[in-house]
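# Structural overview for review
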Amino acid sequence: MFIRWQCISHLHARYGSSETRPSYRDRTPESRPRLDTAAPTPSSSSSSSIPELPGFYFDAEKNRYFRLLPGHNNCNPLTRELLQEREQEKHRARMLTEDEQPRKKAPRAGLNTALLLQKRHLGLLPGNSYCRLIHEVKVSGMKRHKLEVQSSDTSSPNTDNFRLIVVRRTNTHRVFTVNDVSHGGCKYGIMNFRGCSRGSLSVEMCDNLYFTNRKVNSICWASVTHHDSHVLLCLVGMAETPGCVSLLPASLFSNSNPDQPGMLCSFKISTAWSCAWCLNPQADKTFSTGVLVTAVIVTDAVTGRRQTYGVGSDVLAQQFALRAPVLFNGCRSGEVFSIDLRQKGRKDHSWKACRFDHDSAITSVRILQDENYLLAADMLGQIKLWDVRVTKPVQQFKGHHNEHAYLPLHVNEAEGLLMAVGQDCYTRIWSLGDGQLLRTIPSPHPAGKDLIPSVVFSSQLGGQRGLPGLLMAVRRDLYYFPYNADYQEGGVVAEVACQRTA
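Sequence order as written defines residue numbering, which begins from 1 separately in each chain. Local features in a predicted model are, by the rule used here, given only for residues with pLDDT of at least 70; side-chain atom pairs are given and counted only at 80 or more, and totals for whole chains, interfaces and linings are based on all residues. Side-chain descriptors were evaluated using all non-hydrogen atoms of the structure, hydrogens and water having been removed beforehand.

Under an unreviewed UniProt entry, the name given to the chain is WD repeat domain 21, and the organism recorded is Esox lucius.

This is the structure:
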């Protein structure tokens, strides 16, 4: 007690009391404290040079120090966590303001359309490089446009937050969506997008939205009768309702052909966390699930026959290669390994074709068109491009933020772009070629652990008339970031039809 009183007296003697303490700028250089530790706030560079005093924080607006009170309760307005949240929110507001500016800073020095076109005409720029750099210019100039969701039933507006959106691989005018329901569970359906000649985008919700009291963990499109004819969902059990894996026909979400919805199956896999569909003819109509009992289950969707591969960790991410029936898996332990379905499972794990490790749990794996390369992201925010032939990373994409969330990667090789949403709710876009960070898009809403945006990028969002663009779903809102600088918001209409409980 005596030591504490002595320290407080020393602070009062050096800096004065809280009523008479001079501001930081009013002190002479000799009287200012000299500490090596800078304040850990995401503010501007001017505030980062102000020294940190133990037990105090410096308010840049009021130009003075204030005492920090201990504790983490919500009634304390001066906890360090709350101050960091305030600074982060100010930073987000500044970035939103900068994003609305007509001219944005180019991701690379001297990068503009006119200069690139001139170099192309002079033969100084190869065709592939020209296309890649043009996409970078377009990405840096994308502006946010809100898609107003209108319901045919005005008595029940959309009050449920978006959780996931997944675009089709072939026909990019259909997007599967999952919404969290306020009273528990979720609802899911399909949104149909259509590009118009005026440069706008129209959105129509499916005729039927299905409700479930279970949580949707993972989604992927499945090709049963034709490309992307079905949707594969991993449903986690809640209370007395067991979990399962459902294979639903896309026609189920439309009233155009209600009598013949197509093949509909439910598989008793109660703890599935991830799923993937195989498009290779050697494993036709086969899907895989990663379960939380340290196993990979490969199932024939027609016969129901299963092959189980025992692994040493929970499998959180999966994707099949296209040229060969090879499944790549990412584990909670940080291990990434592949399974060749042409080999039977053995207890000694000799069926693993290749393996390498990250420092944390894997959240997403994506195979490039050149299947010698694979992208993997983990819960430390690391995104690495691996050469699976030598099992070594050849590229790293810096800036991603993640601590414990299950966050996917989005790859668009036609545009040479890589996208990911961080746990800080910022959407970042990198160049797939050299790892350059091209754009950081702030969320239109304040950040929160349950408010992380879900995004998809498509080369032709809306079908043949569609243009490249980014679709973002956050809270109850949809936003569109098109390449087209002359985008007309008046053409955007979203209609929600009747809903049916499953």
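What follows continues from the structure just given.
### What to know about the overall build of the chain
Using the following cut-off: The helix count covers DSSP runs of H or I at least four residues long, the strand count covers runs of E at least two residues long, and both are numbered beginning at the N terminus. Here's how the labels work: a residue is buried when its accessible area is under 20% of the maximum for its type, exposed when over 50%, partly exposed in between, all with a 1.4 Å probe on protein chains only. Contact criterion: two residues are considered in contact whenever any of their non-hydrogen atoms come within 4.5 Å of each other. Throughout, the Shrake-Rupley method with a 1.4 Å probe supplies accessible areas, and for residues the shown protein chains are the sole cover considered.
When helices and strands are counted, the chain shows five helices and 33 strands. The burial tally for the chain puts 49% of its 502 residues in the buried class. Long-range pairs, those at least 24 residues apart, make up 48% of the contacts in the chain between residues at least 6 apart in sequence. Accessible surface for the chain amounts to roughly 25,500 Å². Of this, 50% is attributable to carbon and sulfur atoms.

### Section: helix α5 (residues 127-140)
Counted only if it meets this: A helix is expected to reach a length of 1.5 Å times the quantity of its residues less one.
Between its first and last C-alpha atoms α5 spans 20 Å; for 14 residues at 1.5 Å apiece the expected length is 20 Å, and the two agree. Restricting attention to buried positions, one finds in α5 the residues Y130, L133, I134, H135, E136, V137, V139 and S140. On its buried face, α5 sits against α4 (113-121), β27 (417-421), β28 (427-431) and β29 (437-441).

### Focus on the sheet that holds strand β16 (residues 295-300)
The condition is simple: Any two strands between which DSSP finds at least two bridges are classified as paired. All axes here are fitted lines through C-alpha atoms, helices being fitted over the stretch that makes contact, and every angle between N-to-C directions spans 0 to 180 degrees.
Strand order in this open sheet of four strands is β14-β15-β16-β17, and the pairing throughout is antiparallel. Looking at strand neighbours, the two that pair on one side only are β14 (272-277) and β17 (306-310), the edges of this open sheet. The average angle at which neighbouring strand axes cross in this sheet is 20°, direction not considered. As judged from the six bridges shared by strand β15 (residues 286-291) and β16, these two strands associate in the antiparallel manner. Within the sheet, the bridge partner assigned to G290 lies in β16 and is V296.

### Remarks on the pairing of β14
Taking burial as the measure, the six residues of β14 include five buried ones, the bulk of the element. For β14 and β15, the ladder comprises five bridges, and the chain directions are antiparallel. Looking across to β15, one finds that W277 is bridged to F287.

### Side note on the sheet that holds strand β10 (residues 215-222)
One open sheet holds the four strands; their spatial order is β10-β11-β12-β13, and the pairing between them is antiparallel. The sheet terminates laterally at β10 and β13 (265-267), the two strands that pair on one side only. Neighbour-to-neighbour, the strand axes of this sheet turn through a mean angle of 20°, independent of strand direction. Both strand β11 (residues 230-236) and strand β12 (residues 244-249) contribute to a ladder of six bridges, which runs antiparallel. For L235, the partnering residue across the bridge sits in β12 and is C244.

### Here we look at the side chain of S274
Locating S274 in the fold gives a position in strand β14. Setting aside chain neighbours within four positions, we find S274 in contact with S218, C234, S288, T289, G290, V315, L316, A317, Q318 and Y406.

### Topic: unusual backbone geometry
In the Ramachandran plot, C425 falls in the positive-phi region, its phi being about 70° despite a non-glycine side chain. Residue C425 is classed as buried on the basis of its relative accessible area of 2%. Positive phi, close to 55°, is recorded for R475, a residue that is not glycine. Within the element layout of this structure, R475 appears in the loop between β31 (467-474) and β32 (477-482).

### A word on the packing of α4 against α5
Selection criterion: Our angle categories are set so that under 35 degrees counts as roughly parallel, over 145 as roughly antiparallel, 65 to 115 as roughly perpendicular, and the remainder as oblique. Charged means Asp, Glu, Lys or Arg here, nonpolar means Ala, Val, Leu, Ile, Met, Phe, Trp, Tyr, Cys or Pro, and polar covers whatever is left, Gly included.
Interaxial distance between α4 and α5 falls to 10 Å at its minimum, and their mutual angle equals 175°. Accordingly, the angle class assigned to the pair α4 and α5 is roughly antiparallel. Side by side, α4 and α5 meet where T113, L116, L117 and R120 of the first sit next to G127, Y130, L133, I134 and V137 of the second. Here the contact of α4 with α5 is composed, by residue class, of six nonpolar, two polar and one charged.

### Quick look at the packing of aromatic side chains
The line we're drawing: Pairing of aromatic side chains requires ring centres within 6.5 Å, counting the rings of Phe and Tyr and the six-membered ring of Trp. Pairs whose planes differ by under 30 degrees are stacked, by over 60 edge-to-face, and all others tilted. In this analysis the charged atom, NZ for Lys or CZ for Arg, is taken to sit over a ring once it is within 6 Å of the ring centre and within 35 degrees of the ring normal.
Under the counting rule described, the total for this entry stands at eleven aromatic pairs. Aromatic side chains F176 and F253 sit 5.7 Å apart centroid to centroid with 80° between the ring planes, which places their arrangement in the edge-to-face category. Here F176 is found in strand β6 (residues 174-180), whereas its partner F253 is found in the loop between β12 and β13, with 77 residues between them in sequence. With a centroid separation of 5.5 Å and an interplanar angle of 85°, the aromatic rings of Y210 and F253 are classed as edge-to-face. On the criterion of sequence distance, the pair formed by Y210 in strand β9 (residues 210-212) and F253 in the loop between β12 and β13 is long-range, its members being 43 residues apart. Members of the aromatic cluster, connected to one another through ring pairs, are F176, Y188, Y210, W221 and F253. When the ring centre of F337 is taken as reference, the NZ or CZ atom of K352 above it lies at 4.6 Å.

### Some thoughts on the pattern of salt bridges
Basically, it comes down to this: We define a salt bridge as a contact between a side-chain nitrogen of Lys or Arg and a carboxyl oxygen of Asp or Glu at a distance within 4 Å.
All chains considered together, the criterion is met by 17 salt bridges. The partner of D434 in a salt bridge is R108, and the shortest N-O contact between them spans 2.9 Å. Of the two residues, D434 is situated in the loop between β28 and β29 and R108 in the loop between α3 (80-99) and α4; the sequence distance between them amounts to 326 residues. With its nearest N and O atoms 3.6 Å apart, the salt bridge here joins K146 to D477.

### Some words on the nonpolar core
Where we set the bar: Nonpolar cores were defined as sets of buried Ala, Val, Leu, Ile, Met, Phe, Trp, Tyr and Cys residues, with membership established by side-chain atoms within 4.5 Å.
In terms of nonpolar packing, the biggest core is built from 35 residues, with F176, Y188 and F253 touching the most fellow members. In this structure Y188 touches F176, T177, V178, N208, L209, Y210, T212, V216, L233, L248 and F253, once residues within four positions along its chain are discounted. Grouped together as the second largest cluster of nonpolar side chains are 20 residues, V139, A405, L438 and Y483 included.

### Points about the pairing of strand β22 (residues 362-367)
Among the six residues that make up β22, five are buried, leaving the element largely enclosed by the rest of the structure. Examined bridge by bridge, β22 and strand β23 (residues 373-378) share five bridges and lie antiparallel to one another. For I362, the partnering residue across the bridge sits in β23 and is D378. From the end of β22 to the start of β23, which pair antiparallel, there are five residues.

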